[in-house]
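# Coordinate inspection notes
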Amino acid sequence: MALPGLAGLGPSSRGPLDEAVAVAAAEDNKGPSMVAAGVAPEEDEEDEGRCRGLLRWDGFSAWLHCVCVVGFDLELGQAVEVIYPQHSKLTDKEKTNICYLSFPDSNSGCLGDTQFCFRFRQSSGRKMSLHCLLDQFDKDLPVYLKKDPAYFYGYVYFRQVRDKTLKRGYFQKSLVLISKLPYIHFFHTVLKQIAPEYFEKSEPYLEAACNDVDRWPAPVPGKTLHLPIMGVVMKIRIPTCHDKPGPTQIVQLTQQADTHISVILPTVHEVDLFRCFCPVFLHSQMLWELVLLGEPLVVMAPSPSESSETVLALVSCISPLKYCSDFRPYFTIHDSEFKEYTTRTQAPPSVILGVTNPFFAKTLQHWPHIIRIGDLKPAGEIPKQVKVKKLKNLKTLDSKPGVYTSYKPYLNRDEEIVKQLQKGVQQKRPSEAQSVILRRYFLELTQSFIIPLERYVASLMPLQKSISAWKSPPQLRQFLPEEFMKTLEKTGPQLTSRIKGDWIGLYRHFLKSPNFDGWFRTRRKEMTQKLEALHLEALCEEDLLLWIQKHTEVETVDLVLKLKNKLVQADRERLPVKPDTMEKLRTHIDAIILALPEDLQGILLKTGMA
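Summarised in this report is the structure supplied together with it. Quick caveat, the model's predicted, so the values are computed rather than measured.

Note that Q285 resides in helix α10 (residues 284-292). Taking relative accessible area as the criterion, Q285 reaches 5% and is therefore assigned buried. Side chain to side chain, Q285 and Y441 meet in a polar contact 2.6 Å long. In this structure Q285 touches L411, N412, R413, D414, Y441, L445 and I499, once residues within four positions along its chain are discounted.

Attention now moves to the nonpolar core. Where a protein is soluble and globular, its nonpolar side chains tend to be buried together. W63, F186 and L453 are the most contacted members of the largest nonpolar core, which totals 107 residues. In terms of residue count, helix α15 (residues 431-458) provides more of this core than any other element does, 10 residues in total. Excluding anything up to four places from it in sequence, L453 contacts F479, F484, Y507, F510, L511, F516 and W519.

This next bit is on the sheet that holds strand β11 (residues 351-355). Pairing is mixed in the open sheet, where 6 strands are placed in the order β10-β11-β9-β12-β14-β13. The open sheet has two free edges, formed respectively by β10 (326-328) and β13 (387-389), since each of these has just one partner strand. Averaged over all pairs of adjacent strands, the angle between strand axes in this sheet comes to 15°, irrespective of strand direction. For β10 and β11, the ladder comprises 3 bridges, and the chain directions are parallel.

Think of a sheet as strands paired side by side through backbone hydrogen bonds, with each pair either parallel or antiparallel. Read from one edge to the other, the open sheet built from 3 strands follows the order β6-β7-β8, with strand pairing classed as mixed. With partners counted over all chains shown, the strands left at the sheet margins are β6 (224-229) and β8 (263-264), one partner each. Against the sheet, helix α6 (residues 184-201) engages β6, β7 (232-237) and β8, with an angle of about 175° to β7.

Next up on the list: the pattern of salt bridges. Counted by the stated rule, this structure contains 28 salt bridges. Between K584 and E541 there is a salt bridge whose closest N-O contact spans 3.1 Å. Here K584, found in helix α21 (residues 579-594), pairs with E541, found in helix α18 (residues 514-541); they are 43 residues apart in sequence, far enough to count as distant. Here the residues in one salt-bridge network are R119, R121, D148, D326, R328, D335, E337 and E340, joined through shared partners.

What counts, and at which threshold
- The numbering scheme is per chain: residues are counted from 1 as the chain's sequence reads.
- In view of the model being predicted, local features appear only for residues whose pLDDT reaches at least 70, and side-chain atom pairs are presented and counted only at 80 or more, with totals across whole chains, interfaces and linings using the full set of residues.
- Hydrogens and water are ignored here; the side-chain numbers use all heavy atoms of the structure.
- The secondary structure listing takes helices from DSSP runs of H or I that are at least 4 residues long and strands from runs of E that are at least 2 residues long, numbered from the N terminus.
- Partly exposed residues are those whose accessible area sits between 20% and 50% of the maximum for their type, while under 20% is buried and over 50% is exposed, using a 1.4 Å probe and protein chains only.
- The term polar contact refers here to a pair of N or O atoms within 3.5 Å; inside protein, the definition further demands a hydrogen-donor-capable atom paired with an acceptor-capable atom, and it admits residues adjacent in sequence only when both atoms are side-chain atoms.
- Note on definitions: a residue-residue contact is assigned when non-hydrogen atoms from the two residues lie within 4.5 Å.
- Each nonpolar core is a collection of buried residues, namely Ala, Val, Leu, Ile, Met, Phe, Trp, Tyr and Cys, held together in the definition by side-chain atoms within 4.5 Å.
- Pairing between strands is defined by DSSP: at least two bridges between the two strands are required.
- Axis definition: a line fitted to C-alpha atoms, over the contacting stretch in the case of helices. Angles run 0 to 180 degrees between N-to-C directions.
- A carboxyl oxygen of Asp or Glu within 4 Å of a side-chain nitrogen of Lys or Arg is what we treat as a salt bridge.

Dropping the structure here:
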C-alpha cells in the first residue's frame, strides 16, 4: 500500500515544493509569448516541451534571466531600450545598475566592439525565480560554479562606431545577457555569435535567438550538451563536483568527428589566466595569498575588458576553493553600492573591485592593496613585469602599472614556477599552454593548503558506531583552532608542497577570513547531512514491527509521523542516502500502519507531513 503524500518522494520525483514552484512559474510566465518574426515553433518541439512538463520560457530561464539592449539617449543618457522576454521582471534599481554597468567609462575610449562582464546585487524582496528556488542541478556543480542567489551576472557586447547620421556622431549600444550562471567563457561566445548580427538586423533577430535558447536542454552538469543558436551549434560540457581537477573532459569527446557542430568549447567558465596574470606573474603567489585571505583588493585597468578579466582570474586562482566574499569584475561610480564600498568611516570591506574611472585612484587611496595594470597585450606579447610599490606612490590612475601594497607574504616565492613561465615566454609558448601551467600551479598550491584542513575536519565526525536509531544523530565535534594547528607539525602542507614559509601564520589569518567561514559552513552542512543519512539507514535496519509490539499506540503513531518527516527531510535536503533506503523506510511505514487499528490507519493515511 502506498501512502498518499509519500509515494514518489525519491530524488527524481516532484514533492510539494516542486508543485508550488511550478505554480509560481506559471504565474511568472503569464506575460506575452514571443515568436520570432516569420519563425513558428515546430510542433514536435512544443510537444516535447509539454512532455517534459515545461512551461513557455522555462527552457530560457534555466540559462538566462533576460536579455537587455542598452542604448544612449541624448536627454536621458544610458537607457534600457529592450528587455526580452517581455515579461521578465527587473526592479528600477536593477535597471539603473544594468544601464551604467553596460557601458565603458567615457575615459576608456573603447572604439569598435568590446566584451566584458559585470556582477551586481539582486534587489532585496525580489520573488525567487523557478530556477533559483529549487535547482536540481546546483548540487552536482563544483562549489565555485554554484549560483549565488543574491547576485546576477551581466555579459556585455558593446559597440561604439562613428556614425555621422547621429547627433553625437557615434553609434553606442550594448547587448547584455543577464544570468545567474557564472559561465563567463560560454556566454561571451554566445554573444560573439549573435551580437554583430543583432546590431545589423535588430529586434526580430533577437526574438529568434531567444526562442532558440528556450529550446535548449537544461544545463545539466556532466552531460555533453548541443546548443543550437541562429544556425550555429555549440558543444559544451558543464563540470561536475565529481570531476578530477584539470582540463574538462569534453577535450577527449571532441576527437570524434562532429559534422554538425560549429563551435566546441573546452571550458564554460575559465578566463585566459596567463594573459591576465602576465604583467604580475612574478607576484602571482602573493596575489593568491591576498585572494585566499579575502583581503580588500582593487584592480585599476584602462578598460572594462581588462578589469573584468583580471578580477575573474583573481577569483579563480584559489579554485577549487570558493571565493566567498563579494567581487565586482567592473564597478562604476554610479553603482548602488558605491558609497558602501568607498566610505572612509570604516575599514575597506572584503571585496575585489575592478575599476576604470580615474576618480577611483583618489576615492580608494585608503584601500590596502591596489593592482594597477596597463593594456593587456594580445597572446604572444609579454608586457614589462610590474613592481611591488608602496601605496603612498599611487596618486592617480595614470600612475605607472604596479602592485601597490605593504603586504608581506607569509610564504617564500616559488622560483620554479617563475622560471617555468619565463622560459615559456622566451620560447613563445602559446598563452593557452602558459595558462594550463599557471592553473595547475595554483591548484596544487590551494590543495596543499586545504588538505590539512579537510583531514582535521573529517576527524570531527563522530564514529559510525555511536549512531543509534533510537537517539538523535550525534553532533559534530567543535572546530578548535589550536588543536588544528598542532596537527600541522606532522600532517601539514609540507607533505605535498615544496614551498617554505610561515604556513602557520597563513592558516591563523585564513581562519579569520570569509573564505574559511564559507568553506567550513559548507563542510559542516555536508557532514551533518551525512550523519542524518546514516541515522536514516540505521532506522531502516531496525525491526520496527517488533518495536511497536512493546510500545503504546500513541508512541507508534508518534513514530510514524517522525518517519514521514524523515522522508520529507531526506527529499528536501537531498540527503546522501543509499537508493534503497527511502524505499525501505516507506515499506516500514506501510507495515506499521497496517499493524494499527483501522480507525488509526485511516487517520495516518490522510495525515500529511510537516
